[in-house]
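Summary of structural features
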Amino acid sequence: MAYVQVENAVKYFSREDGTDMLVLDRVSFDTKEFGITCLLGPSGCGKSTLLNAISGLERLDQGRVEVISNHGSAPSHSPRLGYVFQDPRLLHWKSVEENLTFALKGMSIPHAEWSDRLRKYLEIVGLSEFRNQFPLYLSGGMRQRVGLARGLVIEPEVLLMDEPFSKLDQLTARRLREETLRICEHLKQSTVLVTHDVEEAAYMGDRIIILCARPAGIVDILENPLPPGARDVDDLQFIAFKKRLLQSVLKLMEKDEVPS
Amino acid sequence: MKIVTCASPINNAAFTMLTAKIEHNRLPTVMAREEKALAASVQAPLATEGSAIPARSKMGHGREAAWTTGLRIASILAMLLVWWALTFFFPPSLIPHPIETFSEVAAIVSTGQFFTEMGATLRRVGVGFAIAMLVSIPLGILMGTVKSLENFFEPPVILGLTMPGLVWAVMMIMFFGLNETSAYAAVAVTIFPMLTISLWQGTKSIDKDLIDMSTAFHAGPWSKVVDVILPQLVSHILAAIRYGLGLAWKVVVVVEMFGFSNGVGYQVVRGFNVFSMKQVLAWAITFLVVMIIIEFGMIGWLESRITRWRPRVEAWRR
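Please read these numbers as outputs of a predicted model, since none were measured by experiment. (Residues numbered from 1 in each chain as written. Chains lettered and ligands numbered in written order. Predicted model: local features only at pLDDT ≥ 70, side-chain atom pairs only at ≥ 80, totals over all residues.)

Let us look at the overall build of chain A. Within chain A one finds seven helices and nine strands. In summary, chain A has a C-alpha radius of gyration of 19 Å against a globular reference of 18 Å for 260 residues, a match within 12%. Seen through its C-alpha atoms, chain A measures out along the principal axes to roughly 55 × 45 × 40 Å. Classification of the 260 residues of chain A by burial places 44% in the buried group. Long-range pairs, those at least 24 residues apart, make up 74% of the contacts in chain A between residues at least 6 apart in sequence. (Helix = DSSP H or I, 4+ residues; strand = E, 2+ residues; numbered from the N terminus. Rg over C-alpha atoms; globule rule 2.2 N^0.38 Å. Buried ≥ 20, exposed ≤ 12 C-beta atoms within 10 Å, placed from the backbone. Contact = placed C-beta atoms within 7 Å.)

Right under this line is the structure:
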């Protein structure tokens, strides 16, 4: 089992005119070892940058990101991270199954394990009978499931998800949220989910980290009082927790709007 | 998505009454299908959405293919008709009768002459083309992905594009002499800039998010090229091949005219020397037939095989 430790992450982006813009301002947090850690913040606050820094797609200017494994990892061992993107980012010229083997090949998973893993994870996301289908012949929800399966099939130590449901219609998103929550609970791995949706954060997150915008900094860290199985969007306790989150986020947005 | 546009034509003020009516007529079936899918999804949340995909009807497909073939045949017949009409206005030495010309074609083919001459020409085009492709694909991809290489190679490639094929042919023959090498080189050099430019521009337009995705899943450089970059370039490569083949034919015929002793170009010159339009046309026609076979038979087949992952664009369907 593993978790992510972010320490004093600082990141600048260069603007067109040559000046630098501070995107991440000394962000530090740990993710949960089991369950989902939500990074919640308004759009454009640098949440995705943070996730890219964890995955190694983006380099930090200061600070460090470390994935800490419990089972005596060698220092040279690079942690296995699964990534689920906002757009599923599938290779449209490859079938559903080939999209998963692309990840298996990249992560150097032994060939002998491929068929078992493909069967298992396509089953989990409910796409077994579509394994030879090309992505463009699938619905948006199904494509997103392929993206999820691709993140899971490499059996990552940490699963990173970047607003994976935000491009879906409400019904599909809701159903996929339920399923993803169940899958994550079942697989018991550390997951980092980036979202701007307060209800999604309250529903999916075991720990919710609230970020403010430009530069992103941590405003608040909350533990979800409800266990995953007891979260019901119509339940009063759930609504109360959602309200608390919403107030935190709104408060920081008001602060944002005051001209300085 | 579909259900939204169907259910509320009122929202779209630009729709005419007519299209609105069509949309309404289609509404019930679409709704029913979506509802069924929804109902299925409630019962079995993990294995759903399958019912939303209707089976493809095979019959419609066959009829469409027949229509396509019919149009192509009609186009060829129309051209023959124009040719035949022209024979009334010009002497046979300038516009020979189609039937006479085709009997000449039959003679060329039946003596086997066609195969040796066409074989020589095809080999020159094929080898030259292969050389150009082997250089252009890597160079185009590199130019599209590495800024400094783009800056360095842009001037020669653009200059090469403006050089007429005839000039390349002359230069290559002067350089290599009258042998196969000069034919290969002339073809390769003429089409190389065009191939490179289309691959370079194609590479610049590929989806960068997919590159990030492949990086996140630790894909190696080879896998990035083969699995991520090249498939996005397929339509660019096929378009370049088609255009490049057209250029290659023209150059190879010119090279052969300069003093080769075989090939279609040489036969055309022979026809010219005895002032036989019939012979020139007969060779031109065999040439066209081979082109059509390559274009529709081989490249068309290749394209439909490689791009079968892409649903057909039906922009004008009503």
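Moving on, we come to the domain arrangement of chain A. Residue and element names in this part refer to chain A. Structurally, chain A comprises domain 1 (2-79 + 158-257) and domain 2 (89-156). The C-alpha-based centres of domain 1 and domain 2 are spaced at 24 Å. Opposite the nine residues of domain 1 that make contact, domain 2 presents nine residues. Going through the elements one at a time, β6 (158-162) and α5 (170-187) are the ones with two or more residues in the side of domain 1 that touches domain 2. Among the elements that take part in the side of domain 1 that touches domain 2, α5 stands out by supplying four residues, more than any other. Residue composition of the side of domain 1 that touches domain 2, grouped by class: six nonpolar, three polar and no charged. (Domains from an automatic or database assignment. Nonpolar A, V, L, I, M, F, W, Y, C, P; charged D, E, K, R; others polar.)

Quick look at the interface of chain B and chain A now. Contact residues are listed per partner, giving 26 residues for chain B and 24 residues for chain A. At seven residues, helix α9 (residues 208-216) of chain B tops the list of elements feeding residues into the side of chain B that touches chain A. Tallied by class, residues from the side of chain B that touches chain A come to 14 nonpolar, seven polar and five charged.

Along the chain, B:Val252 turns up in helix α10 (residues 221-257). The sequence separation of B:Val252 and B:Leu159 amounts to 93 residues, and the corresponding C-alpha distance is 21 Å.

Below, the discussion takes up helix α7 (residues 165-176) of chain B. Residue and element names in this part refer to chain B. Given a rise of 1.5 Å per residue, 12 residues ought to cover 16 Å, and the 16 Å separating the end C-alpha atoms of α7 matches this to within 8%. Where α7 is buried, its residues meet α8 (180-204) and α10. Where α7 terminates, the next one or two residues include Gly177, which has phi positive at roughly 85 degrees. (Expected span 1.5 Å × (residues − 1).)

Looking now at the nonpolar core. One finds A:Leu40, A:Ala149, B:Ala186 and B:Val187 to be the most contacted residues of the largest nonpolar core, which totals 123 residues. For A:Ala149, the residues in contact, after removing those within four places along its chain, are A:Leu100, A:Tyr121, A:Leu122, A:Val125 and A:Leu127. (Core = buried A, V, L, I, M, F, W, Y, C linked by C-beta atoms within 7 Å.)

Our focus in this paragraph is α9(B). Residues and elements named next belong to chain B. For α9, the full list of buried residues reads Leu210, Met213, Ser214 and Ala216. With its buried residues spanning 155 degrees around the axis, α9 presents them on a single face. His218, located one to two residues past α9, shows a positive phi value of around 55 degrees. (Arc of directions from axis to C-beta.)

This part is about the sheet that holds strand β2 (residues 20-30) of chain A. Residue and element names in this part refer to chain A. The sheet built from three strands is open, its strands ordered β2-β1-β4 with antiparallel pairing. Only two strands of the sheet have a single partner each, and these edge strands are β2 and β4 (62-69). Ignoring strand direction, the axes of neighbouring strands in this sheet form an average angle of 15 degrees. Helix-sheet contacts for helix α1 (residues 47-55) involve β1 (2-14), β2 and β4, and the interaxial angle to β1 is about 120 degrees. (Pairing = 2+ DSSP bridges. Axes fitted to C-alpha atoms, helices over the stretch in contact; angles between N-to-C directions.)

So, on to the pairing of strand β7 (residues 190-195) of chain A. All names here are of chain A. The element β7 is largely enclosed, with a buried count of six among its six residues. Relative to β7, strand β3 (residues 35-40) runs parallel, the two being bridged by six bridges. Pairing of Leu40 across the sheet is with Thr195, part of β7. By the bridge criterion, five bridges tie β6 to β7 in an arrangement that is parallel. Note on β7: the bridge partner recorded for Asp162 is Val194.

Bringing the environment of A:Val96 into the picture now. Residues and elements named next belong to chain A. By secondary structure assignment, the location of Val96 is in helix α2 (residues 96-106). For the pair Val96 and Ile218, spaced 122 residues apart in the sequence, the C-alpha separation amounts to 38 Å. Residues in contact with Val96, not counting those within four places in the same chain, are Leu127, Phe130, Arg131, Gln133, Pro135 and Val146.

This part takes up the packing of helix α5 (residues 113-145) of chain B against α10(B). All names here are of chain B. Remark: α5 packs on α10, axes separated minimally by 9 Å, with the N-to-C direction vectors making an angle of 140 degrees. Here the hand of the crossing between α5 and α10 comes out right-handed. Between α5 and α10, the residues in contact are Thr121, Arg124, Val125, Gly128, Phe129 and Ile141 and Val225, Ile229, Gly244, Ala248, Trp249, Val252 and Glu256, respectively. Looking at the contact of α5 with α10, its residues break down into eight nonpolar, three polar and two charged. (Left-handed = near helix turned anticlockwise from the far one by under 90°.)

This brings us to the confidence of the model for chain B. Residues and elements named next belong to chain B. For chain B, per-residue confidence averages 80 on the pLDDT scale, and 80% of positions sit at 70 or higher. Predicted confidence is poor over residues 1-50, with pLDDT under 50, and the contacts of this stretch with residues over four places away or in other chains come to 34 contacts. With a pTM of 0.74, the predicted complex shows an ipTM of 0.87. (pLDDT = per-residue confidence, 0-100.)

This brings us to unusual backbone geometry. Generally, phi is negative for residues other than glycine and the peptide bonds are trans, each holding for most cases. The backbone phi angle of A:Glu155 is positive, close to 45 degrees, even though this residue is not glycine. Checked against the element boundaries, A:Glu155 lands in the loop between α4 (140-153) and β6. Of note in this structure, B:Phe275 is not a glycine but carries a positive phi near 50 degrees. Here B:Phe275 lies in the loop between α11 (264-273) and α12 (277-306).

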